[in-house]
Amino acid sequence: SMPLLVAVFGANIICSIMALWKNDLTAPDPVSWADVGRIWLYNIIWFIVTDLLKLLALWGLDDLESGSLEDVAVPEEPEEGSIIPTHSINVDISPAERNSAAAHLI
């Protein structure tokens, strides 16, 4: 987006000028041009990454609002009379075996 781009580059220009010239607001020694170039490269890379993530998030929210993701998220209801599988296992053990197993846990 253009306002974000202007804000990022404007802040980088001001910070670069402050870092390159020795004054009372910055470090005692000015930063080299190579360091400023590396900082700009780092900022541009992360600007692109965050802007792409923003667009991806907006795309996902737009799909959520339009209802196209609801079809994927809601499972179908089972048909009447169908067998629904369970993930639990029923094991019959005697009370003595249960007490023995519990005693090993303590």
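Residues numbered from 1 in each chain as written. Predicted model: local features only at pLDDT ≥ 70, side-chain atom pairs only at ≥ 80, totals over all residues. Heavy atoms only, no water.

It is worth spelling out the overall build of the protein at this point. Check the secondary structure of the protein and you find four helices and zero strands. Each helix (α) and strand (β) of the protein, taken in turn from the N terminus, gives the series α-α-α-α. Across the 106 residues in the protein, those meeting the buried criterion constitute 8%. Taking the intrachain contacts of the protein between residues at least 6 apart in sequence as the baseline, contacts between residues at least 24 apart amount to 40%. (Helix = DSSP H or I, 4+ residues; strand = E, 2+ residues; numbered from the N terminus. Buried < 20%, exposed > 50% of the residue type's maximum accessible area, 1.4 Å probe, protein only. Contact = heavy atoms within 4.5 Å.)

Attention now moves to the pattern of salt bridges. According to the stated counting rule, one finds two salt bridges in the structure shown. Between lysine 54 and aspartate 51 there is a salt bridge; the shortest N-O distance is 3.0 Å. Of the two residues, lysine 54 and aspartate 51 are both situated in helix H2 (residues 33-66); the distance of three residues between them amounts to about one turn of the helix. Owing to a relative accessible area of 15%, aspartate 51 belongs among the buried residues under this scheme. (Salt bridge = Lys/Arg side-chain N within 4 Å of Asp/Glu carboxyl O.)

Here the protein averages 74 in pLDDT, and 58% of its residues register 70 or above. The least confident element of the protein is helix H3 (residues 70-73), whose mean pLDDT is 51; the most confident is helix H1 (residues 2-20), at 86. (pLDDT = per-residue confidence, 0-100.)

As a further point, take a nonpolar patch on the surface. Together, Leu41, Tyr42, Ile45, Trp46, Val49, Leu53, Leu56 and Trp59 line one region of the surface with nonpolar side chains, adding up to about 880 Å² of accessible area. Among the structural elements, tryptophan 59 can be located in helix H2. Under the relative-accessibility criterion, tryptophan 59 is labelled exposed at 54%. (Patch = residues over 30% accessible without salt bridge, like charges linked within 9 Å, V, L, I, M, F, W, Y side chains within 5 Å. Areas by Shrake-Rupley, 256 points an atom, 1.4 Å probe, with all protein chains shown as cover.)

In this model H1 runs 27 Å from its N-terminal to its C-terminal C-alpha over 19 residues, within 8% of the 27 Å that 1.5 Å per residue would give. For H1, the full list of buried residues reads Asn12, Ser16, Ala19 and Leu20. Down the axis of H1, the smallest arc covering the buried residues is 85°, so these residues share one side. Across H1 from its buried face, at more than 90 degrees, point the exposed residues Pro3, Val6 and Ile14. (Expected span 1.5 Å × (residues − 1). Arc of directions from axis to C-beta.)

Okay, the packing of aromatic side chains next. Per the stated rule, a full pass over the model turns up two aromatic pairs. Arranged with centres 5.5 Å apart and planes meeting at 35°, the rings of phenylalanine 9 and tryptophan 40 form a pair that is tilted. Here tryptophan 40 lies in helix H2 and phenylalanine 9 lies in helix H1, a separation of 31 residues in the sequence. Assessed through its relative accessible area of 29%, phenylalanine 9 is described here as partly exposed. (Phe/Tyr/Trp six-rings, centres within 6.5 Å; stacked < 30°, edge-to-face > 60°.)

A few words now on the side chain of serine 16. Following the sequence through the fold, serine 16 ends up in helix H1. Apart from residues lying up to four places away in sequence, serine 16 is in contact with Val36 and Trp40.

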